[in-house]
Amino acid sequence: LCVIILLFVSLLFTKKLTHYITKPLNELTDGASRVKSSNLSQKITYKGLHEFETACENFNEMQKHILDEQTKNHKYENMVASISHDLRTPLTAIQGTLKGLIDNIAPTPEIKNKFLTTAYNRSLDMEHLIEKLFFFSKMETGNMPLNLQNINLPNFVEHYINTKRDLYSDDN
């Protein structure tokens with residue numbers, strides 16, 4: 001009879017312990033399945049044993065980090081696509097101008113010089129756009145070097161105002 005009672009108590013204890021362990025593990029498994037299917041917005045809401053709560057909270061933080069990185073990457077991709085589109089315009093103009101020069105469509109040296117100047121100016125436009133792309137890339141990746149300096153704010157403002165005052169007084 002004692003053995004049967006011990007087996008029964010052991011069975012109840014094991015069932016209870018199994019429930020405490022399998023519930024958070026099932027939550028984590030479901031969460032991993034959601035992440036695998038690109039559902040990063042649904043959090044795990046487990047309340048129970050402290051160790052499993054911590055694991056679930058860490059999982060939620062990891063999921064949020066992945067979502068934040070995806071959002072950042074999407075913004076970066078849109079920016080690169082936009083700048084790539086903007087680069088195509090001067091590049092097409094340069095290619096057209098150079099193709100015209102190769103085909104000898106410039107009847108005079110003056111017109112040929114005009115075409116070359118146009119191509120050169122378009123290349124400067126492209127250089128400016130590439131510099132912007134490089135600048136934004138550094139900003140987005142957090143690699144923008146900062147040159148922090150202590151300044152005397154009243155002196156800075158006074159100098160700025162005097163500079164602007166001189167600029168506008170020269171125009172009059």
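For every chain, the first residue of the written sequence is number 1, and numbering continues from 1 onward in sequence order. Only residues with pLDDT of 70 or above have their local features reported here, since the model is predicted, and side-chain atom pairs are shown and tallied only from 80 upward, although totals for entire chains, interfaces and linings are computed over all residues. Only heavy atoms go into the side-chain values, all of them from the structure, while hydrogens and water stay out.

Lay out the overall build of the protein with the relevant residues and their values.
Helix and strand definitions here come from DSSP, where helices need a minimum of 4 consecutive H or I residues and strands a minimum of 2 consecutive E residues; each element is numbered from the N-terminal end. If you tally the helices and strands in the protein, you get 4 helices and 0 strands. Atoms counted for the radius of gyration: C-alpha only. Globule rule: 2.2 Å times residue count to the power 0.38. For a compact globule of 172 residues, the expected C-alpha radius of gyration is about 16 Å, and the protein comes in at 33 Å, more than 25% above that figure. In terms of overall dimensions, the protein has a C-alpha envelope of 115 × 60 × 20 Å along the principal axes. Counting only residues that meet the buried cut, the protein has 15% of its 172 residues in that class. As presented, the protein carries roughly 14000 Å² of accessible surface, and 61% of it is formed by carbon and sulfur atoms. Here the positive residues are Lys and Arg and the negative ones are Asp and Glu; neither His nor the chain ends is included. Each charge is placed at NZ for Lys, CZ for Arg, CG for Asp and CD for Glu. Here the protein holds 19 positive side-chain charges and 20 negative ones, and the gap between their average locations is 8 Å. For every residue, the accessible area obtained with a 1.4 Å probe (protein chains only) is divided by the maximum for its type, and the residue is called buried under 20%, exposed over 50%, and partly exposed between those limits. Areas reported here follow the Shrake-Rupley algorithm with a probe of radius 1.4 Å; residue values treat only the protein chains shown as occluding.

Describe the side chain of asparagine 60, and please don't skip the residues or the numbers.
Summarising the element assignment, asparagine 60 is placed in helix H2 (residues 50-102). With a relative accessible area of 13%, asparagine 60 lands in the buried category. It only takes one pair of heavy atoms within 4.5 Å for two residues to be counted as in contact. Those residues in contact with asparagine 60, other than ones at most four positions away along the chain, are Lys43 and Ile44.

Would you mind going over helix H1 (residues 2-36) in detail, with residue names and values included?
In this model H1 runs 50 Å from its N-terminal to its C-terminal C-alpha over 35 residues, within 8% of the 51 Å that 1.5 Å per residue would give. Those residues of H1 lying buried are Pro24, Gly31 and Arg34. Just beyond H1, the residue with positive phi is serine 38, at close to 70°. Expected span of a helix: the number of residues minus one, times 1.5 Å.

Could you give me a rundown of a nonpolar patch on the surface, with the residues and numbers involved?
The grouping of Phe13, Leu17, Tyr20, Ile21, Leu25 and Leu49 at the surface amounts to a nonpolar patch, some 530 Å² of accessible area in total. Mapped onto the elements of the fold, isoleucine 21 is located in helix H1. Its relative accessible area of 35% is what places isoleucine 21 among the partly exposed residues. Patch construction takes residues with relative accessible area above 30% that form no salt bridge. Like charges are linked within 9 Å, and nonpolar side chains (Val, Leu, Ile, Met, Phe, Trp, Tyr) are linked within 5 Å. The rule for a salt bridge is simple: a side-chain nitrogen of Lys or Arg has to be within 4 Å of a carboxyl oxygen of Asp or Glu.

Account for the nonpolar core, with residues named and values stated.
We call a set of buried Ala, Val, Leu, Ile, Met, Phe, Trp, Tyr and Cys residues a nonpolar core when their side-chain atoms join them within 4.5 Å. Counting residues in hydrophobic clusters, the biggest one holds 6 residues: Met79, Ile83, Leu87, Ile94, Met126 and Leu129. Of all elements in the fold, only H2 and helix H3 (109-141) reach the threshold of two or more residues within this core. Sort the elements by how many residues they give to this core and H2 lands first, with 4 residues. Not counting the four nearest positions on each side in its chain, methionine 126 is found in contact with Leu87, Pro90, Leu91 and Ile94. Of all hydrophobic cores here, the second largest spans 5 residues; its members include Ile44, Tyr46, Phe52 and Phe59.

Tell me about the environment of lysine 23, and name the residues and values.
As for its placement among the helices and strands, lysine 23 is situated in helix H1. What makes lysine 23 partly exposed here is its relative accessible area of 39%. Through-space distance from the C-alpha of lysine 23 to that of phenylalanine 52 is 9.5 Å; in sequence the pair is 29 residues apart.

Kindly report on the pattern of salt bridges, identifying the contributing residues and their values.
With the rule as written, the count across this model stands at 3 salt bridges. Where aspartate 68 meets lysine 64, a salt bridge forms, and the shortest distance between an N and an O atom there is 2.9 Å. Within this pair, aspartate 68 and its partner lysine 64 are both found in helix H2, separated by 4 residues, close to a single helical turn. Judged by its relative accessible area of 48%, lysine 64 falls in the partly exposed class. Among the ionic pairs, lysine 99 bridges to aspartate 103, the shortest N-O distance being 3.2 Å. For lysine 99, a relative accessible area of 47% puts it in the partly exposed group.

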